Every structure is written in structure tokens, then in C-alpha cells.
Amino acid sequence: MIIYGMEDMLINIQNIKNLTSVKLGSFMYSSEETGKMELVPVLSITYEGGKTLSLSSKEKYFDSFVKKVTEVYNDEKDNIIEDSLTDPFRLRSHILIDDHTKMVLESGSLRNINSIYSLYDNKYSYNNSLLFQKDEFKLLFPIIKYHLENLFGKTSTNVKIFDTIQGYRDNFLLKANVNGLERVVNVSYFKENENKYILEIGGLFSECNSFSMIIEFKKDRIVVSINNKKYELDCEYTYLTNNEKIKQIINISKNNRSVVYENKDLESCENEFPNITDLDSKSDFTWYKLPWNAIYGINNEVSTLSKDEKMIQTYSMYVCAFQKSFMKKENYSKTYKRNNTTALNTNEVILDDMLKNTLCVCVIDSEDIYVIETAFLDSRYPNGYYLEKLKDKYFYHVVRSKNGINGINLSDGINVSKENILVNSDLRDEGIILSLTKGDK
């Protein structure tokens, strides 16, 4: 039996008592319009006879620290720690705290959670994915199909990929028509990370001649690369967000010489899946249609705080949906930027940074039961709350919907835990899932 212990910092936080001082500081900027605004709060305390502890909102366990300090402060603020004999001048009859710190601590505003996280606060999570690779591969298939057919559409070879998928784990079989001949296409599948997928595609031609494909979701773009060593072919398809537009850029080279270059804006479109895009928080995106019938939304905002200061938000969302499944990928960041005109440089503080993937699959078709996996990934500059509560965590909800994915509402979902789901096969066990959803409305 393995006992999973707590980190030393969390143990120290849980043992906080006998507060003698509490002080809230922060990284700050000056705004001509609104005055001062706290960006990165720093909470410092003295307790238990002289011990000190200080954490900023960018550090892990800041949320637990604030919660514990608030709890202890509320318990002890009216206590008289020493009696008249041991402390005749009442030097320790209260906790030293300034009015500003007191107001913020008592208001609870330090524990305000970004709305894109709040649904998962205190929900049970797993440390790894419980879905099968085939679930994810099926949702990536439209990207694979479109780019292979588009590439060969620019050549003398006619290729049609059919929608049948066989196989599991790292190896899948597709069917294709190549110049009128039926082919079985072998696909070796490797996931380098949650947003980068590497495939080796063979069988399109009779000779031993495979194509490699890399699909990568980045902060401001989707990139699909296709390479073939025999033909010395290098292809890159980029879907780039730029000034509230999304461009499709196609660059194909043969023998290190560019043979195709296309650069065009994608058309804007309506949001076909509002219940998916707003599954766990309200969204406000400008949407564009990707050529494989997925949609890509962007919400970039620049707020001017003063002549030298800006707040920059970038938020993108990718959604690919079928009748019984969908994939959603989100990339969010919020940055404070200040231009130092004297030193001719720029100071930046990244306040929030999120990478989130959501997959939904139908696990019991006859009962209209779906499983939704929400994964918070290892982002570049996470804040303390993200580090403690969300990073590398997988959340699962089971939900009924008689109207396919269009009827899915996460507020009706059941957050699963190890009390009912231990391994990925449990998510496909009809007895377990039906028992879990018994009485679900």
C-alpha cells in the first residue's frame, strides 16, 4: 500500500495558528483613470511565536493559504492571547492588520476564481486520462482526411479517404480509393503531448512509401505538417489567428523548392454548438469555419489602462463535433504589460494562463449516456490556483442527452470519482454507468 503524503508547504499551511500579523501587498501599476490596481497579490503572515510565511497568487497553494489564514483570522481576531499578568500592556491582545488587508481578507475577494475554472472547484479529479486512444483518434480523423485529400488534390493522384476506422491504441486501419483502386491505409499513432499528435501513414501506394503527419494545436494557430522522404515533399498547413481574422496558409515544397503557396482568410460563421462552447462557462468568440467542418473561435482584447500600460487577453477555442462526440481545445492567457519609456523596454506580468482540452464520447448509445473528460494541461505561466487545483488534472462527468451532443448540459452531469470509476474500462461498463446514473433526470 502506498500512502500519498502532503507537500511540506501544505503541511505548514494547515498548521497555521496564533496569528500575530497579516499583511497584503502586491505588484501594482498606476492608472490615470482608475488609480491603483492590484495585479499579483502577496499575502504575508507572522504566527506561532515568530514564524513567517509569504506566498503570491502566482505560487502553488496560494488559494489554500488564503483560505486557512482567513479561517484562523476569523477564529482569533477577537481573542485575547495573553492575560494581564503575562502581558500587562496588552501588546498581544490583537492581530496586527491594516485596514486595507482587513477589508480584502474579510470580503473574500482574494479567493475569487476565474469563471472558466469555477465549475471544477472542489470537484474530484484523476491524474491521468481514462478515455481510450481510439476515442481521440476518431475526433482527429477529420483533420487527417481533409489534409491528405487536399494535398493529393494538388497532384495528379486522386485520393479519397473513407470514413471507416478500425484498430485500437497506437495502430489504426483506414480505407481509401487511390486512382480508382481500393487501398487499406495503415496509421501509426503517437501522442507526444495533449496538443501534439504524430502519425505515420502507409498503404496509399503499393511500394513501401509512407507519409508522416504532425498535428499541433498552439497558442495562436493550428499547424498540420505532412512530409514524404521519397518524393522530398514538405507541406505545412497553418491556421493562424491574426487581428481578429483566421488565415489558412498552405506552403508546399518539393526538393526544397516552393511549388505551392496559398494565403487566404477563412470565412466567419455562426456558432453551431453554443451548449458545447459554453459547457462550463459563458463564452464570447468570433467564429470561423475550418475546412474540415470544425469551428475556431477567437476572443482577443487589449485594454488601455494608462498611456504606458495595457491589459492583454488572448483566448482561442477549437471545436470539432459529431452527432455523438466532440473535441474542444482552449488556450487562454491574460497579461499585464507596461512600457518603460525611460529604459526603452517592456515589463510583462502574465496573470493567468490556461490550456484545457475537453472530449465527449457516447458510452451507452441505447441509453443516450455520455462521458465528458475535461483536462487542464501543463500551461506555460499558471497562477497559484491553477497549479494547486487544476494542472495535469482530469475531470469526468456522466450525462444523459436524448438530443445527441446538442442536448448536453454539464449542470446535469454527475462528477465521477474512484468510488465508482477506477479504470478506463469502468467507463464502458454498462452496469456501473447505469448504476451511477440511476435516478438521473
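Please read all numbers here as calculations on a predicted model, not as lab measurements. Along each chain, residue indices are assigned from 1 in the same order as the chain's sequence is written. Local features are withheld for residues below a pLDDT of 70 in this predicted model, meaning they are given only at 70 or higher, and side-chain atom pairs are given and counted only at 80 or more; totals for whole chains, interfaces and linings count all residues. Side-chain numbers here rest on the full set of heavy atoms in the structure, without hydrogens or water.

## Here we look at the sheet that holds strand E5 (residues 159–168)
This is how it is decided: When DSSP finds two or more bridges between two strands, those strands count as paired. Helix numbering and strand numbering both begin at the N terminus, where a helix is a DSSP run of H or I of at least 4 residues and a strand a DSSP run of E of at least 2. Axis lines are fitted through C-alpha atoms, for helices just across the contact stretch, and the angle between N-to-C directions can take any value from 0 to 180 degrees. Every residue pair with non-hydrogen atoms within 4.5 Å of one another is taken to be in contact.
Pairing is antiparallel in the open sheet, where nine strands are placed in the order E5-E6-E7-E8-E9-E10-E11-E12-E13. Strands at the two margins of the open sheet, each flanked by one partner only, are E5 and strand E13 (257–265). Recorded for the sheet is a direction-independent mean angle of 15° between the axes of neighbouring strands. On top of the sheet, helix H4 (residues 133–152) reaches E5, strand E6 (171–178), strand E7 (181–193), strand E8 (196–202), strand E9 (211–217), strand E10 (221–228), strand E11 (233–242) and strand E12 (245–254); it is set at about 160° to E5, its chief contact.

## Notes on the nonpolar core
What counts, and what does not: Each nonpolar core is a collection of buried residues, namely Ala, Val, Leu, Ile, Met, Phe, Trp, Tyr and Cys, held together in the definition by side-chain atoms within 4.5 Å. Throughout, exposure labels follow a simple rule: accessible area from a 1.4 Å probe, protein chains only, divided by the maximum for the residue type, with under 20% read as buried, over 50% as exposed, and the rest as partly exposed.
Counting 70 residues, the largest nonpolar core has Leu204 and Tyr318 as its most contacted members. Grouped together as the second largest cluster of nonpolar side chains are 29 residues, Ile116, Leu279, Trp287 and Ile408 included.

## So, unusual backbone geometry
With the exception of glycine, the majority of residues adopt a negative phi angle, and the majority of peptide bonds are in the trans configuration. Located in the positive-phi region is Asn179, a residue other than glycine, with phi close to 50°. Within the secondary structure, Asn179 sits in the loop between E6 and E7. Phi at Glu232 is positive, roughly 50°, even though this residue is not glycine. Note on placement: Glu232 falls in the loop between E10 and E11. Residue Glu232 is classed as partly exposed on the basis of its relative accessible area of 43%.

## A look at the packing of helix H2 (residues 62–76) against helix H3 (residues 99–107)
To keep it simple, the criterion reads: Every angle not falling under 35 degrees, over 145, or within 65 to 115 is termed oblique; those three ranges are roughly parallel, roughly antiparallel and roughly perpendicular. Under the scheme applied here, ten amino acids are nonpolar (Ala, Val, Leu, Ile, Met, Phe, Trp, Tyr, Cys and Pro), four are charged (Asp, Glu, Lys and Arg), and all others, including Gly, are polar.
Running from N to C, H2 and H3 point in directions that differ by 105°, and their axes come no closer than 10 Å. By the angle between their directions, the pair H2 and H3 is classed as roughly perpendicular. Of H3, the residues touching H2 (which contributes Val69, Thr70 and Tyr73) are Lys102, Leu105 and Glu106. Its residues assigned to classes, the contact of H2 with H3 shows three nonpolar, one polar and two charged.

## Some points on the packing of aromatic side chains
Aromatic rings considered in pairs are described by the distance between their centres and by the relative angle of their planes. The test is simple: For Phe, Tyr and Trp, where Trp contributes only its six-membered ring, two rings pair if their centres lie within 6.5 Å, and the inter-plane angle classes them as stacked under 30 degrees, edge-to-face over 60, or tilted in between.
Evaluated as defined, the whole model comprises 24 aromatic pairs. Ring centres 5.2 Å apart and planes at 75° place the aromatic pair Tyr120 and Phe376 in the edge-to-face group. On the criterion of sequence distance, the pair formed by Tyr120 in the loop between H3 and H4 and Phe376 in strand E21 (residues 369–376) is long-range, its members being 256 residues apart. Between Tyr315 and Tyr332, the aromatic rings sit 5.1 Å apart at their centres with planes inclined by 80°, giving edge-to-face as the arrangement.

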